[in-house]
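Per-entry structural report
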Amino acid sequence: MAFRKKFAPRRKFCRFCADAELALDYKRPDILRDFITERGKIVARRITGTCAKHQRALTTEIKRARQMALLFYTSAHSSEVKKKTNI
Ligand SMILES: [Zn+2]
């Protein structure tokens, strides 16, 4: 089969619905970091599987975290990327 997928498709689920303990908060950049790309972009819902309600909240919290300098706006400001690329 020419179009066989390499990996078996896994059911996506909303991490925030599945785990009520998982706080959606700008003060938790470690969690928010899972939902942004290496370049600092917010990852689309269709990719992460986050539900509409939580994606909306997530977007707000990521933007808050950026303003508080807990997350970066772009990879140029990321200390991790700087370390990797040795800028
Ligand atoms: Zn949800």
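Residues numbered from 1 in each chain as written. Predicted model: local features only at pLDDT ≥ 70, side-chain atom pairs only at ≥ 80, totals over all residues.

Per an unreviewed UniProt entry, the protein is named Small ribosomal subunit protein bS18, and its organism is Mailhella massiliensis. In UniProt, the protein has this text filed under Function (unreviewed entry): "Binds as a heterodimer with protein bS6 to the central domain of the 16S rRNA, where it helps stabilize the platform of the 30S subunit." The UniProt entry for the protein carries the following text under Sequence similarities (unreviewed entry): "Belongs to the bacterial ribosomal protein bS18 family." (UniProt positions renumbered as here; feature names shortened; annotations may be inferred.)

**Topic: the overall build of the protein**
Across its full length, the protein carries five helices and zero strands. Listed N to C, the secondary structure of the protein is α-α-α-α-α in terms of helices and strands. Taking contacts inside the protein between residues at least 6 apart in sequence as the whole, the part at least 24 apart equals 66%. (Helix = DSSP H or I, 4+ residues; strand = E, 2+ residues; numbered from the N terminus. Contact = placed C-beta atoms within 7 Å.)

**Points about the nonpolar core**
Of all hydrophobic cores here, the largest spans seven residues; its members are Leu32, Phe35, Leu58, Ile62, Ala65, Leu71 and Phe72. Apart from residues no more than four positions distant in its own chain, Ile62 is found in contact with Leu32, Phe35, Ile36, Ile42 and Leu71. (Core = buried A, V, L, I, M, F, W, Y, C linked by C-beta atoms within 7 Å. Buried ≥ 20, exposed ≤ 12 C-beta atoms within 10 Å, placed from the backbone.)

**Concerning helix 4 (residues 52-67)**
Each turn of an α-helix holds 3.6 residues, which means side chains three or four residues apart point in the same direction. In this model helix 4 runs 23 Å from its N-terminal to its C-terminal C-alpha over 16 residues, within 8% of the 22 Å that 1.5 Å per residue would give. Three or more residues of helix 4 are buried, namely Gln55, Leu58, Glu61, Ile62, Ala65 and Arg66. One side of helix 4 carries all its buried residues, which in axial view fall inside an arc of 140 degrees. Of the residues in helix 4, the exposed ones pointing more than 90 degrees away from the buried face are Ala52, Lys53, Arg56, Thr60 and Gln67. Taken together, the buried residues of helix 4 touch helix 2 (29-32) and helix 3 (45-48). Backbone geometry just after helix 4 places Ala69 at a positive phi near 65 degrees. (Expected span 1.5 Å × (residues − 1). Arc of directions from axis to C-beta.)

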